Amino acid sequence: MPAAGLVAGKKALILGVANKRSIAWGIAQALHAGGAELAFNYQNERLRENVEELARSLGPDVPIYPCDVTRPAEIDALFASLEERWGRLDVLVHSLAYAPREALDGAFVDTRPEDWDTALQISAYSLVAVARRARPLMQRAGGGSIFTMTYLGSERAVQGYNVMGVAKAALEATVRYLAADLGPDGIRVNAISAGPIKTLAAMGVKGFSNILKVMEERAPLRRNVTQEDIGGAGLFLASDLSRGITGTVLFVDAGYHIMG
Ligand SMILES: CCCCCCc1ccc(Oc2ccc(Oc3cccc(O)n3)cc2)c(O)c1
């Protein structure tokens, strides 16, 4: 249900589109339908074509920029490009994470320090890195909305989620500390805790497919959530309807997290 105009005139950067199944793409479609002007990153040359094709499906000149969040120079360049093109930023969507394969396949107790560091740098610290660069552009806009993606595995020991659960716990604490720091600038920082959705990344988590079935049996709404469900929550957080909300985790999981 495109809420036409809900984010009309807002300029939004969306980080983490890899393909049409990405949660970030669901959010992009909702913000586009709401009238926002969008920009995307692509992590590397391998993903550039996918992102280019998706961006072009939204309109003729939707910009895409190279940005691997482990490279500070690429984050700097991305925001310099946005400064030049837009001179301001209203919305920043952070929808990216990574944990090395071995850390997801093995037992949590065997997590190696380098894999822990990689997972936390990409999945949690990167929000600080991009928020710091977004701040001046959002101040220019008189405030803004930043939101990221998290999962129930941050607060429950979900079999197989392993070090990504630790990273999401750090990400949720990061949301609170950034909300406290940036609130005086009128910049809100929140997280969407999404139920499991079949994305490229999800396929990399052992036991993922079992969880989808359990949702239909146990979630209060007796169904899985879709990209569109997440997109709608993203549109809400990007819009002024959520102007009183910051530092929170918004569950969009068919109610699953309330069940024992
Ligand atoms: C057993 C847990 C099932 C529910 C998992 C729901 C979920 C699915 C996907 C999620 O996003 C990621 C992103 C990257 C990620 O790390 C990956 C992904 C593929 C390969 C790899 O080496 N690391 C793992 C999960 C996520 O945070 C949460």
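Residues numbered from 1 in each chain as written. Predicted model: local features only at pLDDT ≥ 70, side-chain atom pairs only at ≥ 80, totals over all residues. Heavy atoms only, no water.

**Focus: the overall build of the chain**
Consideration 1: Along its length, the chain carries eight helices and seven strands.
Consideration 2: With the principal axes as the frame, the chain shows a C-alpha extent of 45 × 40 × 40 Å.
Consideration 3: In the chain, which comprises 260 residues, the share counted as buried stands at 51%.
Consideration 4: The contacts of the chain with a sequence gap of at least 6 include a subset with a gap of at least 24, amounting to 76%.
Consideration 5: Counting only carbon and sulfur atoms, one obtains 55% of the accessible surface of the chain, whose full area is about 12,100 Å². (Helix = DSSP H or I, 4+ residues; strand = E, 2+ residues; numbered from the N terminus. Buried < 20%, exposed > 50% of the residue type's maximum accessible area, 1.4 Å probe, protein only. Contact = heavy atoms within 4.5 Å. Areas by Shrake-Rupley, 256 points an atom, 1.4 Å probe, with all protein chains shown as cover.)

**Quick look at the site of the ligand**
Consideration 1: In the neighbourhood of the ligand, 18 residues make up the surrounding shell, with Ala97, Ala99, Arg101, Gln159 and Tyr161 lying closest.
Consideration 2: Between the ligand and Arg101 there is a distance of 3.4 Å, counted from an oxygen atom to a backbone nitrogen or oxygen.
Consideration 3: In this structure, an oxygen atom belonging to the ligand sits 2.5 Å away from a side-chain N or O atom of Tyr161.
Consideration 4: When the ligand is considered free in solution it has 630 Å² of accessible area, and contact with the protein chains removes 87% of it. (Near = heavy atom within 4 Å. Polar contact = N/O pair within 3.5 Å; in protein donor to acceptor, adjacent residues only side chain to side chain.)

**Quick notes on the nonpolar core**
Consideration 1: With 37 residues, the main nonpolar core has Ile14, Leu31, Leu38, Phe40 and Ile230 as its most contacted residues.
Consideration 2: Within the residue set of this core, elements represented by two or more residues are strand 1 (11-15), helix 1 (23-33), strand 2 (37-42), helix 2 (45-56), strand 4 (91-94), strand 5 (144-150), strand 6 (187-194) and helix 8 (227-238).
Consideration 3: With seven residues, the top contributor of residues to this core is helix 1.
Consideration 4: Of all hydrophobic cores here, the second largest spans 32 residues; its members include Val69, Ala129, Met138 and Ala191. (Core = buried A, V, L, I, M, F, W, Y, C linked by side-chain atoms within 4.5 Å.)

None of the figures reported here should be taken as evidence of function without further support.
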